[in-house]
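Survey of secondary and tertiary structure
Here is what each chain is made of, one letter per residue.
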Amino acid sequence: RVPQTEIRKGNAGSSHEQYVKNPHLDHMEEDILYHFNLGTKTHNLPAMFGDIKFVCVGGSANRMRSFAHFIHQQLELPGDADDIRDICEGTDRYSMYKVGPVLSISHGMGVPSISIMLHELIKLLYHAHCRDVMLFRIGTSGGIGLPPGTVVITDKAVDSFFRPQFEQVVLGKVITRSTELDKDMAEELLQCSTELLNFPTIIGNTMCTHDFYEGQGRLDGALCSFSTEEKLDYLRKAHEAGIRNIEMESTVFAAMCRVCNLKAAVICVTLLNRLEGDQISTPHDVLVEYQQRPQYLVSHFIRKHLTLA
Ligand code: R2B
Ligand code: URA
């Protein structure tokens, strides 16, 4: 198996580049975005989505609904937040809310789930003729050597071997794509964090795994094939490689956005310090507050871009 590498040069986010990278799309009379329950013949996508500038994605449907309500209030938009409806209500795969220039979408857990969502989202932005869109993944993670509640802005998204790449099997061959994210967005988000009070935030590498339990070196799954020492050795090596948190979507998110010229950032709060344990035993209200932190940060960033802050 010889991995192929797609080497891309800069220019991410340029308004002259189209987002999709698929010549076959030009020959399709209709495109059905099946998991969104939207389509180019059934919906006027440019009218519905043409003004989108910021897309925020996160795992849970409820959290992304709360984010839509929160951003409605933060952007001081007219109308009642209770009227914001789920654009994908015809399907229970993903939820999607539009609030002014902001789209808030859930992606479920893990690489395959977010990858399906991103294919359809990127085609949606293309069909709607959107320009200069920025993407944010706001999520949760396990921290390595950080106090719980720390917000980690991803520098490099790395795989379980600490490599800054994403591997996809295509037609029985492995395609390797770079997971580099937009450096300017990460720096700007870090600057935003300094403008908020009591907001522990760092830039660090994020490891993306294909499992929450054994795949993240947990000792508390239904199966476990390693010792406590082996677990801690792996996590310490990860820390030495600059990894500060672990989650389950960042590599494919970074890779797809990069190939499609979309500026993107990953902002995840840590729910626990994995050097101290595996179980998430923090009280529910504290977890809810932690999960709002990436939302606050991205909201502040968007407000600044819209010159509201
Ligand atoms: C973070 O939290 C989820 C697992 O609990 C997963 O989607 C992720 O990346
Ligand atoms: N999400 C993860 O993927 N891992 C954690 O430890 C916490 C949240």
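Just so you know, these numbers come straight off a predicted model, no measurement behind them. (Residues numbered from 1 in each chain as written. Chains lettered and ligands numbered in written order. Predicted model: local features only at pLDDT ≥ 70, side-chain atom pairs only at ≥ 80, totals over all residues. Heavy atoms only, no water.)

Time to look at the site of ligand 2. Neighbouring ligand 2 are the residues T140, S141, G142, F212, Q216, R218, I246, E247, M248, L272 and I280. Within the backbone of G142, one N or O atom sits 3.5 Å away from an oxygen atom of ligand 2. Counting residues per element, the ones that place at least two in the shell around ligand 2 are β7 (134–143) and β12 (243–247). Looking at the shell around ligand 2, the element that brings in the most residues is β7, giving 3 residues. (Near = heavy atom within 4 Å. Polar contact = N/O pair within 3.5 Å; in protein donor to acceptor, adjacent residues only side chain to side chain. Helix = DSSP H or I, 4+ residues; strand = E, 2+ residues; numbered from the N terminus.)

Mapped onto the present numbering, the UniProt feature "binding site: substrate" (unreviewed entry) falls at Q216 and R218. With respect to the secondary-structure elements, Q216 resides in the loop between β11 (201–208) and α5 (228–240). On the accessibility criterion, Q216 (3% relative accessible area) is buried. With near-sequence residues (within four places) excluded, Q216 lies in contact with T209, D211, L235, I246, E247, M248 and R274. (UniProt positions renumbered as here; feature names shortened; annotations may be inferred. Buried < 20%, exposed > 50% of the residue type's maximum accessible area, 1.4 Å probe, protein only. Contact = heavy atoms within 4.5 Å.)

This next bit is on the site of ligand 1. Taken together, M109, R137, T140, F212, E247, M248 and E249 make up all the residues around ligand 1. For ligand 1, an oxygen atom lies 3.2 Å from a polar atom in the side chain of R137. Contacts to ligand 1 include E249, whose side-chain N or O atom sits 2.5 Å from an oxygen atom. Burial of ligand 1 by the protein amounts to 81% of the accessible area it has alone, namely 270 Å². Residues that form the shell around ligand 1 fall into these classes: 3 nonpolar, 1 polar and 3 charged. (Areas by Shrake-Rupley, 256 points an atom, 1.4 Å probe, with all protein chains shown as cover. Nonpolar A, V, L, I, M, F, W, Y, C, P; charged D, E, K, R; others polar.)

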